[in-house]
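Analysis of the macromolecular model
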2 protein chains.
Amino acid sequence: MNQDGVDLETSLGYLLKEASSALRAAMEEVLRPLGMNVTRYSCLELLAQRPGLSNSELARGAFVTRQSMNVLLQALEREGYVTRPAEAPVGKVLPTRLTPRGRRSLEKATVAVRSVEVRMLAGMTETEQSDAFRSLQSMIHSLRKGNDGA
Amino acid sequence: MNQDGVDLETSLGYLLKEASSALRAAMEEVLRPLGMNVTRYSCLELLAQRPGLSNSELARGAFVTRQSMNVLLQALEREGYVTRPAEAPVGKVLPTRLTPRGRRSLEKATVAVRSVEVRMLAGMTETEQSDAFRSLQSMIHSLRKGNDGA
DNA sequence: TGATTCATGTCAGCATTCTGACATAGGTTG
DNA sequence: CAACCTATGTCAGAATGCTGACATGAATCA
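Let me begin by describing the structure that accompanies this report. Note that the structure is predicted; figures quoted are calculated from it, not measured.

Conventions used here
Residues numbered from 1 in each chain as written. Chains lettered and ligands numbered in written order. Predicted model: local features only at pLDDT ≥ 70, side-chain atom pairs only at ≥ 80, totals over all residues. Heavy atoms only, no water. Contact = heavy atoms within 4.5 Å. Buried area = accessible area lost by both parts, 1.4 Å probe. Salt bridge = Lys/Arg side-chain N within 4 Å of Asp/Glu carboxyl O. Polar contact = N/O pair within 3.5 Å; in protein donor to acceptor, adjacent residues only side chain to side chain. Nonpolar A, V, L, I, M, F, W, Y, C, P; charged D, E, K, R; others polar. Helix = DSSP H or I, 4+ residues; strand = E, 2+ residues; numbered from the N terminus. Buried < 20%, exposed > 50% of the residue type's maximum accessible area, 1.4 Å probe, protein only. Near = heavy atom within 4 Å. Axes fitted to C-alpha atoms, helices over the stretch in contact; angles between N-to-C directions. Parallel < 35°, antiparallel > 145°, perpendicular 65-115°, else oblique. Left-handed = near helix turned anticlockwise from the far one by under 90°. Least-squares fit on C-alpha atoms with pLDDT ≥ 70 in both.

1. Re the interface of chain B and chain A
Listed by partner, the interface residues are 63 residues for chain B and 63 residues for chain A. Overall, the association of chain B and chain A removes approximately 5,700 Å² of surface from exposure, summing both partners, and the carbon and sulfur fraction of that is 63%. In this structure, the connection of chain B to chain A is made through 2 salt bridges. Linking chain B with chain A are 17 residue pairs in polar contact (both at pLDDT 80 or more). Taken together, the residues that form the side of chain B that touches chain A break down as 29 nonpolar, 19 polar and 15 charged.

2. Observations regarding the side chain of Ser42 of chain A
Within the fold, Ser42 of chain A resides in helix H2 (residues 38–49). Residue classification places Ser42 of chain A among the buried positions, given a relative accessible area of 13%. Apart from the residues within four sequence positions on either side, Ser42 of chain A is in contact with Ala62 of chain A together with Lys17 of chain B.

3. A short note on the protein's contact with DNA strand D
For DNA strand D, the set of nearby residues contains 23 residues, the closest of which are Thr39, Ser68 and Lys92 of chain A together with Ser56 and Arg66 of chain B. Near the protein, within 4 Å, the atoms of DNA strand D are sugar or phosphate in 58% of cases. Here a phosphate oxygen of DNA strand D and a side-chain polar atom of Ser56 of chain B are 2.6 Å apart. The set of elements that each furnish at least two residues to the surface near DNA strand D consists of helix H4 (66–78) of chain A together with helix H3 (55–62) and helix H4 (66–78) of chain B. The element best represented in the surface near DNA strand D is H4 of chain B, accounting for 4 residues. In terms of residue class, the surface near DNA strand D is made up of 4 nonpolar, 12 polar and 7 charged.

4. Let's talk about the packing of helix H6 (residues 126–145) of chain A against helix H6 (residues 126–145) of chain B
The description of two packed helices rests on the angle between their axes and on the distance between the axes. Running from N to C, H6 of chain A and H6 of chain B cross one another at 110°; their axes reach a closest spacing of 9 Å. Taken as axis vectors, H6 of chain A and H6 of chain B run roughly perpendicular relative to one another. Crossing hand, H6 of chain A versus H6 of chain B: left-handed. Residues Glu128, Ala132, Ser135 and Met139 of chain A of H6 of chain A form the contact with H6 of chain B, whose participating residues are Glu128, Ala132, Ser135 and Met139 of chain B. Tallied by class, the residues present in the contact of H6 of chain A with H6 of chain B amount to 4 nonpolar, 2 polar and 2 charged.

5. Some words on the protein's contact with DNA strand C
The immediate surroundings of DNA strand C are formed by 23 residues, with Ser56 and Arg66 of chain A together with Thr39, Ser68 and Lys92 of chain B found nearest. The backbone of Asn55 of chain A places a nitrogen or oxygen atom 3.3 Å from a phosphate oxygen of DNA strand C. Here a base oxygen of DNA strand C and a side-chain polar atom of Gln67 of chain B are 3.0 Å apart. Sorting the residues of the surface near DNA strand C by element identifies helix H3 (55–62) and H4 of chain A together with H4 of chain B as the ones contributing at least two each. Ranked by the residues each element gives to the surface near DNA strand C, the list is headed by H4 of chain A, at 4 residues. Residue composition of the surface near DNA strand C, grouped by class: 4 nonpolar, 12 polar and 7 charged.

6. As for the relation of the copies chain B and chain A
If you rotate chain B by 180° and push it 0.0 Å along the axis, it lands on chain A with an RMSD of 0.1 Å. The relationship between the two copies is best expressed as a two-fold rotation axis. Minimal C-alpha distance to the rotation axis in chain B is attained by Ala132 of chain B, lying at 2.9 Å. Here 100% of the interface residues in chain B have copies in chain A that are interface residues too; the copies meet face to matching face.

7. With respect to the packing of helix H2 (residues 38–49) of chain B against H4 of chain B
Residue and element names in this part refer to chain B. One can describe the packing of H2 onto H4 by two numbers: an axis separation of 11 Å at closest approach and a directional angle of 80°. Between H2 and H4, the angle is such that the two are roughly perpendicular. Between H2, through Thr39, Arg40, Cys43 and Leu44, and H4, the contact on the second element is made entirely by Met69, Leu72, Leu73 and Leu76. In the contact of H2 with H4, the residues fall into 6 nonpolar, 1 polar and 1 charged.

Here it is in structure tokens:
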């Protein structure tokens, strides 16, 4: 049966899903005591590194639809973590920015997330890490080649 | 700001999420015309390779909660893709098996999914693939070390 | 210039997954 | 044997993400 199927034990795809799942679980675990989850953290981190991103750009950066990100942004705005202008300076794009409160909240989360990433990479040499980096980039590139192309 | 944050451009964690997202999207795309999605496929593939798995075991194998898998199994059973005994042979565990219909449905999906995995690995040598395999295993192991340990 | 195409923000409805909780079976330990 | 602990299946409710759809602004093009 294994010759016929994908063979979960040796499938890189399955292992990729497993690793991603483990990473997400570990992140949720350290983020939960801070009243945060992975998607919220991703959004805030994106805004810290690239202030003024639009809803659609944030969605692409966090790997969710722009509809989902919109719901999240409305919540973050209501709770005072981010601000968006009432009117678009140009076109329909509403540039989003962190508030001081959002920045403070992100700081704690960043420490927690970084500790998870450090733990994940423990036991790997610098070379192994950059090899893994290149491999993942190659997979992403190959997966996107035959399709949309965004 | 990048010295202070996680730096999304060079973070292996972010890249891992990106790769997993790209893989999932590619799989959903080829599975959709077959009336299937990733979770359903994962469940059927697990059952093909390890017949008689319980609901909880399937949940762990597909990286969802046993509650979610239970919902899925009830749907698959209702639609005639899998069968479960009305009463547990031993304990509370209900061993699940594919029906002929489930097996037929899985065959087409397996072909589609395998083509995605082949595309993902195109451009990587055998050595690069096994290096990536080991790296991912290392990450998974390290992530799970400090925690639950299931 | 006018028409077309594309990207964006947003609303509504649906699907999926999760957390919380409960009862029950089996194994473990005193 | 009895008490405890763990794992399982399941129900209910909430959170989260998605698809479909629409109007609008910008860019492209004839």
